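Descriptive structure summary
These are the residues of each chain, in order.
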Amino acid sequence: MKIVVCVKQTPSTTAVFSVNGGKVSWDDPGGKPLVVNPWDEYAVEAAIQLQEEHGGDAIALSMGTEESLEALKTCLAMGCTEAILVNDGAFRDADTLGTARVLAAAIEKMGDVQIAFFGKQAIDGDTGNTPVQVAVKLGWTPLTFVSAIKEIDAGGGTITVERQVSGGKETVTAPLPVVISVVKEINEPRYPSFMGIRKANRATIPSWTAADIGLDASAAASRVDWSRVYPLPARDASVEMISGDSPQEIAKKLVDRLFEEKVL
Ligand SMILES: Cc1cc2nc3c(=O)[nH]c(=O)nc-3n(C[C@H](O)[C@H](O)[C@H](O)COP(=O)(O)OP(=O)(O)OC[C@H]3O[C@@H](n4cnc5c(N)ncnc54)[C@H](O)[C@@H]3O)c2cc1C
């Protein structure tokens, strides 16, 4: 079985952001400013588990700069069998549609892929758009918010999954190939093993350009301008303790204050 897992490198969840002159920068007290998007760790684990069960390949795919090689090495250290970076200056500020075009073209170039895994969303762009846009580009069925893979009928060419929907779960069967975005209930991501880390550090990760995946450089041109990023205005909040001889007296004083402050 050929399985792909799309991973984005993002600022770490403990990163401290600062905005100067419209430019966002961040640093991480823990010394690891860039990480595998936390939601993608569940997708990587799901891909590896299926590869262990059905054989074949679990290929980690990322669109990003050279820096993203670190994220791909983490996927190899966890157990992915291969990793590919799609890196081209033309993709720098891609919006989600641009990102989806690039990832779909890379998946088509690999050929014979049955499942493409994604995280639920990226913690920086946070749109959650990309998996479904990739499915549309490939003409595949998108199965989103998947919390369990129930069955893969390789002979019949179908997959049955459990999806999280509002207020419950549903079981869905779809023809392969499919795009699957996963939620954190699907598994417990493993830690990279020592041997895995050593293998990852020795690995050569191919880097594909727009031309390598048959895309015109303009394919990822952004239609969305989020370049004007500015810090939220600081709010001067203060705390006032209200005292009284009884809870009723304190409540009365509080209501009076809320009226004074025109909150009520
Ligand atoms: C602060 C900020 C705001 C942004 N606002 C917008 C916006 O409003 N509209 C817009 O179109 N774009 C926006 N972007 C750009 C957007 O982040 C990129 O296009 C990004 O590549 C995909 O969108 P996302 O980050 O929302 O990812 P999501 O769509 O939330 O990601 C879902 C899943 O797709 C996969 N994935 C996403 N990006 C990649 C990648 N580069 N390589 C491999 N797999 C990937 C991962 O599995 C991920 O879990 C913004 C970026 C930033 C940093």
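Concerning a nonpolar patch on the surface
The grouping of Val-255, Phe-259, Val-263 and Leu-264 at the surface amounts to a nonpolar patch, some 390 Å² of accessible area in total. Residue Leu-264 is classed as exposed on the basis of its relative accessible area, which comes to 54%.

As for the environment of Arg-202
Inspection of the secondary structure assignment puts Arg-202 in helix H5 (residues 194-202). Residue Arg-202 is classed as exposed on the basis of its relative accessible area, which comes to 60%. Residues Arg-202 and Val-24, 178 residues apart in the sequence, show an inter-C-alpha distance of 33 Å.

Observations regarding the packing of aromatic side chains
If you walk through the whole model with that rule in mind, you get zero aromatic pairs. Just above the ring of Trp-208 sits the side chain of Lys-109; from NZ or CZ to the centre is 5.0 Å.

Section: the side chain of Gln-9
Its place among the elements puts Gln-9 in strand S2 (residues 9-11). According to the relative accessible area criterion, Gln-9 is buried, its value standing at 13%. In this structure the side chain of Gln-9 is engaged in a polar contact, spanning 3.0 Å, whose partner is the backbone oxygen of Glu-67. Polar contacts involving the side chain of Gln-9 include one to the main-chain amide nitrogen of Ser-68, which spans 3.4 Å. Among residues more than four places away in sequence, those in contact with Gln-9 are Leu-34, Val-35, Ser-62, Glu-67, Ser-68, Glu-70 and Ala-71.

Notes on the nonpolar core
Ranked by internal contacts, the top residues of the largest apolar core, which has 37 residues, are Val-5, Ile-115, Phe-117, Ile-159 and Ile-180. No other element matches helix H1 (residues 38-54), which puts seven residues into this core. In this view, Val-5 contacts Ala-43, Val-44, Ala-47, Ile-59, Ala-60, Leu-61, Cys-80 and Phe-117; residues no more than four positions away in its chain are not counted. By size, the runner-up hydrophobic cluster in this structure holds 31 residues, among which are Met-63, Ala-104, Leu-215 and Ala-220.

Considerations on the pattern of salt bridges
Throughout the structure, instances matching the rule amount to twelve salt bridges. Residue Glu-162 is joined to Lys-169 by a salt bridge in which the shortest nitrogen-to-oxygen separation is 3.6 Å. Take Lys-169: its relative accessible area is 53%, and that puts it in the exposed class. Among the ionic contacts, a cluster of salt bridges with common partners joins Glu-240, Arg-257, Glu-260 and Glu-261.

Considerations on the site of the ligand
The environment of the ligand is made up of 27 residues, and the closest members are Lys-8, Asp-40, Thr-127, Gly-128 and Thr-130. Val-7 places a main-chain nitrogen or oxygen 3.5 Å from a nitrogen atom of the ligand. Between the ligand and Lys-8 there is a distance of 2.7 Å, counted from an oxygen atom to a side-chain nitrogen or oxygen. Relative to its unbound accessible area of 910 Å², the ligand is 84% covered by the protein chains. Going through the elements one at a time, strand S6 (57-63), helix H3 (96-110), strand S8 (115-119) and helix H4 (130-138) are the ones with two or more residues in the shell around the ligand. Taken together, the residues that form the shell around the ligand break down as eleven nonpolar, eleven polar and five charged.

So, how was this worked out
Residues numbered from 1 in each chain as written. Predicted model: local features only at pLDDT ≥ 70, side-chain atom pairs only at ≥ 80, totals over all residues. Heavy atoms only, no water. Patch = residues over 30% accessible without salt bridge, like charges linked within 9 Å, V, L, I, M, F, W, Y side chains within 5 Å. Areas by Shrake-Rupley, 256 points an atom, 1.4 Å probe, with all protein chains shown as cover. Salt bridge = Lys/Arg side-chain N within 4 Å of Asp/Glu carboxyl O. Buried < 20%, exposed > 50% of the residue type's maximum accessible area, 1.4 Å probe, protein only. Helix = DSSP H or I, 4+ residues; strand = E, 2+ residues; numbered from the N terminus. Phe/Tyr/Trp six-rings, centres within 6.5 Å; stacked < 30°, edge-to-face > 60°. Lys NZ or Arg CZ within 6 Å of the ring centre and 35° of its normal. Polar contact = N/O pair within 3.5 Å; in protein donor to acceptor, adjacent residues only side chain to side chain. Contact = heavy atoms within 4.5 Å. Core = buried A, V, L, I, M, F, W, Y, C linked by side-chain atoms within 4.5 Å. Near = heavy atom within 4 Å. Nonpolar A, V, L, I, M, F, W, Y, C, P; charged D, E, K, R; others polar.

In short, the description is geometric, and any link to function would need to be established separately.
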